[in-house]
Amino acid sequence: MLLGLPQSTDTKETRTWDPSKEQSKTKGTPSPVPLSDTVGKPPDLPQRIDDWTREDVRQWLLTNLKVQQEYADRLYDEDVSGASLACFGKQDLIDLGIRHGPAVLIVKNVEKVKKLQDSLDICSHTKETETMTVGKKDTSVKHRDVVSFQSANSPNKNPVVEIDARSASEKDMTVSDSRTENEQSSESPSHVNLHKADVKPKIKQKDGLSTTKHLPVEQRISQPRPFDQNSPSFMYTQNELLPEETGQTNLIDPIHEFKVMVNTENATEKEILHKFSFEVFRFAAACMNVRTNGTIHFGVGDTPHYRHGQVVGLKMISREKYIDEFDLRLKEYFEENQSVARACIRPPKFIPVQRLDGASSKLWVIEVDIVPNYSETQEKLFCISVIKEVEGKKCKTECLFVRQGANSINLHAEKNPRKLQEKLMALSADVQTWASTRKSVEQRFFQKPSQSHQGRKLQQLITLGRDTLEHSLQFLVVTNKCHESELEHLGFLKELKLFAVLDFDPESEVMGTCNFFRQDRHANLHFPRMYNNSESVSTTAGKLNLHTNTSWVFCNGRANEDNENDLPFDPSNWLKKRAGEVSDMIHFICNPDILPKDRLVVVFLLHSGITDVSNPLLETFCAIYRKLGGEDNMLCICKDSTVFSQWREVVGNRCQIDISSRCIYELSLYEVNCTINKVKEPQTRSSQRYLPSTSSSSVLLTKRDEELMTFLDILSESECENTEIEAMESFKDFKTKIEEDFYRGGQVTWWNFYLSEEPGKQPFIKRAQYEDLYNLMTPTGGYTSSCIIISLFHHPGCGGTTLAMHVLWNLRKKFRCAVIKNNTAQNSEIAAQVIQLLTYGKDKQSSYTPVLLLVDNWEDVEDLQRCIVYAAHEKKKQDSVLVIILNCQRSQFPAASSRNSRIDSVFITYKLSPREQGFFQEKLKELKGHHEKPETFYAFVIMTNNFSESYIESLVCNTLKDLDVSTKVGQLVSFLALLNTYINGSCMSLSLCEEFVGIRNALWGKETLWDKMNPYSTLFIGFKVEECGTYQAVRFLHQMIAKHCLQVLTCKHHLKLSEITTNLLHCDLLYKSGMGKDILVQNILSMLITRQRKQLGDDKDTLFSPLVEEMPMAEGEEVLTHAIQRFDRNATVPQALARHFYLKEKDFSSALRWALDAQQKNNNSYIADTLGQVYKSNLKHEIECNEDITPDNLNMYLELASKATKSFKDSQELAKRDEPMDCFEQRSETRRRQEGYNTSGYVGEMDVIMIIFQILEDIPVFSKNDLHQWHKMVQFLRGNISMDFFHETSCKANYEFIAVLTSHEKFLGSLKPRMKDIFVFFENYFTYLKPRSIERQTVEERNKRKVSEVFRKYVKIFCISGEERETERAKQPIISLQQTVEENRRDLEEKRADTFAGMLQCLNEKNGSQMEHILNKWQFIFENSSRRSSTNRVNFILANIIVHCVLPKSTKIRRYNDLIPLLNEVLQNEGTHSDCTEVYFLAMVLLWPGKDSILENTIFKNICTYVTSTKRSFHRRFHYISPARSCIAHFYLGKSKGLKRIVHKAKIDQAIDPEKRKNPHQLWQSGAIWREPGVNQLLLRVKGKTENGEIYVHYPGNLRIPVRPVYLGGLRGGSSIEEVSFYLGFTMEGPVAYDLKYMNDP
């Protein structure tokens, strides 16, 4: 249907439109059509489906839908009425036995009938409304549309429901318009048989047309497209209202006419185009005759079915066809005046229509502008010729249109000749007047505009008043939809430091601003809800990478989303469902901890007008306005003056401010782009950055790809070359500043190395250790593994990092060099980016250029290495290095750290060689020739003076001699001195320092911090921090200067350390929101609570932080108390204060109070251990204070011991579910290594129990001087006798002691079993698992020694010596068999061979004869024990295996075939779900298939089950330990048979070449052990397959055994099925693969 043309089954009459018949037409009222006419059913069927009976339903199904009778009868039998049928779904019909096809047909048509019913309800409402106004009809009433609805029930036809607002004779117009009857009587092409169709809009259509049945009273007003301008980016929004149609005003302001032209489905293309051209030229002629500008709009609706001026949009046929029709018909209509008409009538413009939610609707508004300039029209009259067909013949009719009010009328339609002549004469006179008026207004309106200065204004606003766009400024951009033609002018966005873009264009990612930006730059795509969670600000910022990448936030959803919650909303739903999320997001982003206000510019980029006060973009403006407290940080770039006027109005109405001073609206986007690019700072990075590649080639590193590697500062081989700054006049000043910053004490930059290579400059000084470090990175003999670590130990501030970067600079063309710049990132994330850098520019696997990675003070560097190896699994090549990690490690004893390191390393200290001193002296002379005050380059001068303490002391004393410590400047000096002395790398943000000393608005003002702090400012330096955001910070030039400043403050200015610290804690300004606040607070806490530990490189072990250690005891307590008040939610400070009370002051009640306070704030294993330590220390203190043990004292001791052991047990349980330590407990100056499992609870309980044992030795009841009594005590502790026995045998003097012991009998009876449990735990802990870090192995050895020492004491108490045993046997020559068994157990316990883990330790600790003795004991127990427990049999089997490993020729060993049935018996008893991991471990070792295995035997066939059981059992027992430790392989699969194929590690070490046995650990660490010929001969290489990321070993009998690679990086990704080979090791977690090789690799 064309334009609402009703499709009727009656086609006998074809009516044409005759303008002469239109004058008598009047407006009629709509008459709803009966439902029977619309759905093709019997007329007696009720109109509403809810009124249908079951007979009606049956008749409708059979007659209209043609369903089978059996289905209609089935519904009839089920008593289904119309109301019931309306509730049915497809599944309900299927449940009744109706097949799927008919069920779908019924459901769909019921839905259509219900929609049709709703439509008729609307029609009835319209009729009632118009009936009320029927008496007001006149001949000037406008034509209305016909509402068309598709039938819901006719599968073969498309009948429509015509809801017509006129009589039948009026249904012949094509376009809904606003004409009077005179206008309606104008000529139309006679062959156009069209019906006028005012369509009541449907609720939703597939083409994107979405309107509402009842339009809201408050509807947004939209300004029309700028008149007679090319505005390719302009667009309309569906359902917005254009201003009402008007009559002519001043002839320059255009008049408007609206045509809807919808429902054109059944009209021919020719009919549509002809009607379009007729309406255009009719309106154009009318405008030209009255000499007024005008615009006719197609796709804009009118009342009653639309609001007047409502943007509807229409489907486009083809732009070219509209334009061709326009050109063709212009000649026909205007004939001899066609040249004038062509000059006055602009070609059609096509404006896209977007939906209310911002997405494209694929609909258009077509507009034609009329500009009747005087120079063209003069005083002429313009008629148009309309051709119509009459009885098959074409007839030409001449029409003369003029505007009358808001209408166009045809004067030639007047039939009375006399009246027509009068009208024409009057028109001639009017035309002369209109022409004269037109001429004068053109001269007045088109005068030359005044000069504007908006370019300069833009520069001021975008730079915050500076001359250039500094890199420190951060931008928050808010934008709406930008037309595709304008995107090319948004290049300035790529040059700004965009923090976030709040985009209200749902299609931006596909075809908008986001798509344009991401072509060259990277941005993370977010939704507002992602910023709203319960996590901390820093955690959320880290997860979203807010400080490393631009965040592109889709504030009105994305059009291509599957999730309905993320789809675009219209303004009404946006306010209800998304405005809160956006407001919360803005509150988060504008938090001073995230974005400092003094460096923030908020840019509103408005591509289209905002007229509605509830517009989402305006709501966003208000949210930012509230958060920032005004518009000072805002810049509004408006597309044109119209957009600006609308924006100014809505902002003024909403916020009561005039935004004009913050707006740019006279510049085009092209001019804006060029202006912003002109004021940006010159680039100091190379425009073309290249990376070295294979065969001396290079690859270009694009900016976007580099931004993806957020954690890496990449050093290109073309670093600093071809930069913009080099071509600027300011380059000389730039070079001077670069050198000054470095030599004063700043961090070295790549520019320092680049500038030192300029002709005439001295080379950058090479430190004495340079060659050693360089040679380690480029060994002549090649590399030992794919990822190696090299450590550089150095004193803080001695030039260690500079040395490392110097080596990187000189290797930048050999390696791909990078520095890790984010110390908070996860190692796995860093590893992924390192591999991305490694493979950059490589399309397929080939040889790679290695990556040289610099990490600064990275404690868990081995974990990083493991992550890199894992990430590089697909890239690994045999005997080739992929990544070299250079770890710069600060240390108080660099030489010792290097000497004790198992990793290749060099060290550098606070001492220069004579050769180095000479280099520094020469460089100082050069600096004096190029800089004004090189003597103030204190960091360099300190090194030149070989770190002379006397020079630094003299410098500091002279500088601070006049310092007034009571002033703000003096306090700031003291704060920084304290922080820089005790925390390496600490600082304070520049903005915080400025605010502290009273500088306001430093960005706009003249005064700087350095001016304010003069003359002390020479001791400080400002630098950029890129952690948790980018900001400027301040610190002392050198840590040694800070240390001496603190000495001057304490000695000469009489400030106490506690006084400075208290002032620091009481300064509220330091703890308010702001950039760098989190790091500052972390540093302050670390300064107060972090202890020194030798294993971490400190010079000594301390009980408290060095700061608290140096304070007097009372002052330390006072400072920690103040710290608790400042950090009232932190648990570690009260924990430290509790330790202070029990360790220093011996005030145990206060210690207990603060320990309990800490436990309430965060009950983790460490704090529970501290509580136990309070009780333990109190116990030890009471014992020391009381010389004699009285019953009361004993009772007190046991009560304290009971509380202590309970706290330590709590610590043990909490350690199993400990969360990561509070960030403030981390060493702020280092990257924290992954903590091991906290075993302090076990150690503490062990200590308390031993103390109790010692107490019991000294009480009269159990005097150790009486051997008999002593043995009774041992029997009591073993649980063999109770305290009742002592009541009977002890004297009265001991009754009080016995009473105390009786009251604590349960506690005392638990001590010996608890000690045994603790020893078992440590045996498993040390035997089954090992630390993932090499450095932690040192700590492990210390703990092992302590446990061994306690175990010796335990053995002395509970294990009888050989002499005592002989004495006992002499007294009791006949003992029972079970007593002998228990004696053997105690003997094994004494030798730590009574457990499975203990015997595994014997592999390395016992010789052959000792193991034979242990085997004999286990054999006796196994053969004679009253109950044949699985533990006895398992341990007996293991004893045989171990004896075979250490003494293969022993005659005591059971044969392999004898052990298998014994193992099978245990497996049958335990099943496959036991916690006895050890039995499954033995099953793996003994039953692993081999060539001689009898696979028909069930026990061998179940090997897969046992491997799975091993893993499950292990994880049930040790899941809380394994994340921090890795499993140890105790045995390996050899080439022999039986027990001989079980190979232990010591035997592999013996197979190594004798020349390499000095350092076997290095061979194991690097993997070179597997290339030793002796090892290859000893071990069996197993073949397997990789399937879905796993390794499986296949054996006959459908055996498929899973194996885990010991190094996760050994397995390639992609789930490729490949054949592999490897050596097999056996751990308590299951079998593992060593030296994995792909068999198909060359």
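Here is a short report on the structure shown in this document. All values reported here derive from a predicted model rather than from experimental measurement.

Examining the packing of helix 13 (residues 454–462) against helix 22 (residues 669–679)
(1) Moving on: Following both chains from N to C, one finds helix 13 and helix 22 inclined at 55°, their axes separated by 10 Å at the closest point. Classified by the interaxial angle, the pair formed by helix 13 and helix 22 is oblique. In this structure, the crossing between helix 13 and helix 22 has a hand that is right-handed. Counted together, Gly455, Leu458, Gln459 and Ile462 of helix 13 and Val672, Thr675, Ile676, Lys678 and Val679 of helix 22 form the full contact between these two elements.

Comments concerning the environment of Pro934
(1) Moving on: Along the chain, Pro934 falls in the loop between helix 31 (914–930) and helix 32 (938–944).
(2) Moving on: Between the C-alpha atom of Pro934 and that of Arg744, which follows or precedes it by 190 residues, the distance is 8.6 Å.
(3) Moving on: In this view, Pro934 contacts Leu927, Lys928 and Val941; residues no more than four positions away in its chain are not counted.

Here we look at unusual backbone geometry
(1) Moving on: The peptide bond linking Asn1014 to Pro1015 adopts the cis configuration, its omega dihedral lying at 10°.
(2) Moving on: Positionally, Pro1015 belongs in the loop between helix 36 (1009–1013) and strand 28 (1020–1026).
(3) Moving on: Its identity is not glycine, yet Asn722 carries a phi of approximately 55°, on the positive side.
(4) Moving on: Inspection of the secondary structure assignment puts Asn722 in the loop between strand 21 (712–715) and helix 24 (731–744).
(5) Moving on: Despite not being glycine, Arg1392 has its phi angle at roughly 55°, a positive value.

Some points on the sheet that holds strand 12 (residues 474–479)
(1) Moving on: With respect to topology, 7 strands assemble into an open sheet ordered 14-15-13-12-16-17-18, the strand pairing being parallel. Bordering the open sheet on either side are strand 14 (523–526) and strand 18 (663–664), each of which pairs with just one other strand.
(2) Moving on: Here strand 16 (residues 600–606) pairs with strand 17 (residues 634–638) via 5 bridges, running parallel. Bridge pairing in strand 17 places Val603 opposite Leu635.
(3) Moving on: Along the sheet, helix 19 (residues 579–589) contacts strand 12, strand 13 (498–503) and strand 15 (550–554); its crossing angle with strand 13, the most-contacted strand, is approximately 170°.
(4) Moving on: Strands strand 16, strand 17 and strand 18 of the sheet are contacted by helix 21 (residues 641–655), whose axis makes an angle of about 140° with strand 17.

About the criteria used
Residues numbered from 1 in each chain as written. Predicted model: local features only at pLDDT ≥ 70, side-chain atom pairs only at ≥ 80, totals over all residues. Heavy atoms only, no water. Axes fitted to C-alpha atoms, helices over the stretch in contact; angles between N-to-C directions. Helix = DSSP H or I, 4+ residues; strand = E, 2+ residues; numbered from the N terminus. Parallel < 35°, antiparallel > 145°, perpendicular 65-115°, else oblique. Left-handed = near helix turned anticlockwise from the far one by under 90°. Contact = heavy atoms within 4.5 Å. Pairing = 2+ DSSP bridges.

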